[in-house]
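Results of the structural survey
Each chain is listed here by its residues.
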Amino acid sequence: MDKPTTLTKEATAELRHYYYQMLLMRRFEERTHEMYVKAKIGGYCHLNLGEEATIVGLMAALKPEDYIFTNYREHGYILARGVAPGPLMAELFGRETGVSGGRGGSMHLFDVAKGFMGGYAIVGGQIPLAVGAAYALRYQGKPGVVVAQMGDASTNIGAFYESLNLAKLWRCPVIFFIANNGYGMGSTIEDSSSEPDLWKKGASFRVHGEQVDGTDVLAVRDAVRRLRERAETEGEPVILDVVSFRFRGHSVIDADRYRDADEVRKGRETQDPLRHYSAWLQAHELADEAWLKAMVEQVEQEMQAAVDFANAGPHPKIEDIYTYMYASPVPNIPAPETARRLLD
Amino acid sequence: MKPITYRQALNSTLGEELARDSNVLLMGEEIGVFQGSYRITEGLLDRFGPKRVVDTPIAEEGFVGAAIGAAMLGLRPVVEIMTINFILVAIDQIVNHASKIHYMFGGQVRVPLVIRTPSGGTGQLAATHSQSFENWFAYCPGLKVVAPATPYDAKGLLRAAIRDDDPVIFIESLALYDTKGEVPDEDYVVPIGVAEVKREGSDVTVVAYSRMTAIALQVAQQLAQEGISVEVVDLRSLRPLDRPTIIASVKKTNRAVVVAEDWYSYGITAELAATIQEEAFDYLDAPVQRVAGLEVPLPYAKDLAAVAKPSAQSLINAIRRIL
Ligand SMILES: Cc1ncc(C[n+]2csc(CCOP(=O)(O)OP(=O)(O)O)c2C)c(N)n1
C-alpha cells in the first residue's frame, strides 16, 4: 500500500469507511457464529472471516449500476454492498423481515434494489447466471458490469469454463472474481487443480487474468477499478484471483481438524486484513487509537441492534407457504393433497 | 383459416412474439445460420438478426444458465434444446436455479424463460436419443411444463409460455412437427394448467398428452366403429396438472386408461393413476390401466423399438382389458 499524498476530507472519510465496513463484517460474522451456537441459526453457514479486505475492496470499486452474483459464502458481500445488518441477520434467523423473506437462509441472500442477485449454493451455478446478466446489460444498452464471484475450488467445475467461453464470445462485461482462501472444504488448491495459478485459467479462452493480495483492501479496490473499466468499455471479461487466508473451518460446523493449528494461528496473525489496515491508517495518520476504539463501540451497538431486529422479526406464516411460488398465477396449483394438509 | 403444420405454428409464433416484444430473444444451438435442427426457427435470423436469434456453442449448462441470468434482468429468452436428451447437462441450472429463484429469494425477481425441446422416440434414434424426461421437470415445483398435441395448442401454449413470468418447459415431439390442424389468425392463448376433452365419449376415459393424444384420438375413432365410445382427455399441461378435468371425465365414464411414452415405474402414468384412485375411487368400475414405455434403453432394431414404446395397439389392448 502506497503512502497517500495530500488527501481531501472525502478521500480520508472513504479510507476510514473501508475500515468501518471491514470491522462491521468481522463482527457480523463473529456474532453470526455466536447465534449459530445458540441455535438461532440453522443449516449450513459459511463465514467471510479473513476475507474482509477482499470484499470491501471489491465493493469500493463497483458502481450502483453493477450486479453481483456470489456463492453461498456471501454475508460480507451483501453487507458491504450496503444492505443493513438487521435484515441480513433476520434472514439467518428465518424471519419474514429477512432479505429473502426467510425463504433463503444464509446461503441465499438477495437484494434486487442493490443489484445483489443472490447467493447460490450449488458450486459454480452462479457463474453462467452472471454471464447472462451481463448479456442482458449489453442487450439493453445499459452501463455496468457483472461480478461472478466464486471460491478457488469452484474453478474446477465445468460451468466456469463454459462461462468463460460464452463471456468472451459474446463480449460480456463479467469480472470472474475468485475469492481464493486457499481451500475447498478441506482440500488445498494443489489437491484439486492441475493449474494452481488460478488467474491463468482463462488462457484457452483468451480471457485475461490477474492475481491480487486479498488482504490488502486498497490493492483489491484498485485492481477491480481498472479491470471494471475495461470490462465495461471494451466488453472484456476478466479473471481476478484474490488471495486471502481462511480464518476458520469451511463452515461454522467444521472443526478444521485437517489444518495444522500452528499454521492457522500464524495465518490469522500475519494475514489479518483488519490488523494490516488499522496499522496502515495509523501509520499515515488517518486514524488514531481513539478513533479505532470509537469504531469498535459503534459497530458493537449496530450489531446488537441487528440481533435485536432479527429477534423481533415475525416468523413467516404457515398459510403463506405458497406465496412466491409462481409469479404468474395459474389454475390447479397447489395440488389437492398438499392444499388439504394446510387445513389439517 | 387454413390448416398449418405444428412446425409452422411454432415458427410463426416465435416470429410474432419476437416482433411484439423487444425483450424476447431466441437462444440455442444451430438455430440461426443452420435454421434449427428441425427448422422451427427457419427464417428468423434473417428477420431479427444475431442479437435476437443467438447461435450458442454446445454448452447447454452454460447457455441455459445465461438465459436464466438474462431473464432475471428482464429479458424473455426462448431457449431451444435440440432434443430433450441433451437437457440433462443443463438440469442443474433448471432445477436448482430457474425453478427456485422467485421463491427462494422472496419474490424479488422473476424468471420469464421458455425452454422448448422435442421429447420422445421415433425413427430408430436408439437409446440416447429417444427418451422422455418431461416427468423430471413436471416433478419440480417452480417450473411449469406444457406439452401440446395439435398446431392450435402449440401456438396458443407457446404464446402463453412466452408471456408468462415463470420458467416454462415446452415439450414438443418430432412425430408431431408435420401434423396439420386449423389455427385461427387472431391472437389467442391456451391457458397453462388447463386440460381439454379432445373427444367426448361414455365408455372409457383415455388420459394422454403430446404424441399420445394424437394416437388416442386415432384409437377412439377406430373403436367407435365397433361401438366403443372413448373419451380423450388431452392434458396439455403436466405442471400444473388439471386434476379436476381428469376426475370429471372418469366420474362420467367410470373407466380410465392412462398413457405416456416415458418408462413405466415412477413415470407420468403413475401420477395419473394415483390421482384417479385418490379422487374417483368410488366411481371406478375397473382398475386404472397404465400404458407406458418398457423399461429398457430403447433398442435400435425396428422390431424391438416398436414394442418398447406405447402404440395404438397397446392402447387398444388396455381399453379392451377393462371393457
Ligand atoms: C456442485 C456442488 N458440489 C459440491 C458441493 C458441496 N460443497 C459446498 S462448498 C464446497 C467447497 C467449495 O470451495 P471453494 O469454491 O473454494 O469456496 P469456499 O467455500 O472456500 O469459499 C463443496 C465441495 C456443492 N455445494 N455443490
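Analysis parameters
Residues numbered from 1 in each chain as written. Chains lettered and ligands numbered in written order. Predicted model: local features only at pLDDT ≥ 70, side-chain atom pairs only at ≥ 80, totals over all residues. Heavy atoms only, no water. UniProt positions renumbered as here; feature names shortened; annotations may be inferred. Helix = DSSP H or I, 4+ residues; strand = E, 2+ residues; numbered from the N terminus. Rg over C-alpha atoms; globule rule 2.2 N^0.38 Å. Buried < 20%, exposed > 50% of the residue type's maximum accessible area, 1.4 Å probe, protein only. Contact = heavy atoms within 4.5 Å. Core = buried A, V, L, I, M, F, W, Y, C linked by side-chain atoms within 4.5 Å. Salt bridge = Lys/Arg side-chain N within 4 Å of Asp/Glu carboxyl O. Domains from an automatic or database assignment. Buried area = accessible area lost by both parts, 1.4 Å probe. Nonpolar A, V, L, I, M, F, W, Y, C, P; charged D, E, K, R; others polar. Polar contact = N/O pair within 3.5 Å; in protein donor to acceptor, adjacent residues only side chain to side chain.

Labelled according to an unreviewed UniProt entry, chain B appears under the name Alpha-ketoacid dehydrogenase subunit beta, originating from Candidatus Viridilinea halotolerans. For chain B, the Cofactor (unreviewed entry) comment in UniProt is given as "thiamine diphosphate".

In the annotation of an unreviewed UniProt entry, chain A is listed under the name Pyruvate dehydrogenase E1 component subunit alpha and assigned to Candidatus Viridilinea halotolerans. Entered under Subunit (unreviewed entry) in the UniProt record, the comment concerning chain A runs "Heterodimer of an alpha and a beta chain." Per UniProt, chain A has the following entry under Cofactor (unreviewed entry): "thiamine diphosphate".

This next bit is on the overall build of chain B. If you tally the helices and strands in chain B, you get 12 helices and 14 strands. For chain B, whose C-alpha radius of gyration is 19 Å, the value lies close to the compact-globule estimate of 20 Å for 323 residues. Along the three orthogonal principal directions, the C-alpha set of chain B runs to about 55 × 45 × 40 Å. Counting across all 323 residues of chain B, residues that qualify as buried make up 62%. When contacts within chain B are restricted to residue pairs at least 6 apart in sequence, long-range pairs at least 24 apart make up 81% of them.

Of all hydrophobic cores here, the largest spans 87 residues; its most connected members are A:F176, B:M72 and B:I276. Residue contributions to this core peak at 10 residues, all from helix α5 (residues 126-139) of chain A. In this view, B:I276 contacts B:I246, B:I247, B:V250, B:A256, B:V258, B:F281, B:L284 and B:V288; residues no more than four positions away in its chain are not counted. If you look at the next biggest cluster of nonpolar residues, it comprises 69 residues, including A:A53, A:Y77, A:F177 and A:A306.

Our focus in this paragraph is the pattern of salt bridges. Two side chains carrying opposite charge are able to pair once their charged atoms lie near each other. The full count for this structure, using the stated rule, is 42 salt bridges over all chains. We note a salt bridge from A:R27 to A:E30, for which the minimum N-O separation is 2.6 Å. Taken together, the positions of A:R27 and A:E30, both in helix α1 (residues 9-37) and 3 residues apart, correspond to about one turn of that helix. Looking at A:E30, the relative accessible area reads 29%, which means it is partly exposed. For B:E271, the salt bridge goes to B:R243, with nearest N and O atoms at 2.8 Å. Here B:E271 is found in helix α10 (residues 268-280), whereas its partner B:R243 is found in helix α9 (residues 243-253), with 28 residues between them in sequence.

In this section: the domain arrangement of chain B. Residues and elements named next belong to chain B. Looking at chain B, the domain boundaries give domain 1 (2-183) and domain 2 (196-321). Domain 1 and domain 2 are separated by 26 Å when their C-alpha centres are compared. Counting residues at the interface gives 30 residues for domain 1, matched by 25 residues for domain 2. Counting the surface lost from both domain 1 and domain 2, the interface buries some 2100 Å², and carbon and sulfur atoms represent 57% of this. Broken down residue by residue, the surface that domain 1 buries against domain 2 is led by Q124, N135 and A147, which jointly contribute 24%. Within the residue set of the side of domain 1 that touches domain 2, elements represented by two or more residues are α6 (134-138), β6 (144-146) and α7 (151-163). Per-class residue counts for the side of domain 1 that touches domain 2 are 16 nonpolar, 10 polar and 4 charged.

How big an interface is tends to be stated in terms of accessible area lost as the parts join. Contacts between the two partners involve 47 residues from chain A, matched on the other side by 58 residues from chain B. Summed over both partners, the interface of chain A with chain B buries about 4100 Å², with 66% contributed by carbon and sulfur atoms. Taken together, chain A and chain B are joined by 0 salt bridges. At the surface where chain A touches chain B, the tally comes to 23 residue pairs in polar contact (both at pLDDT 80 or more).

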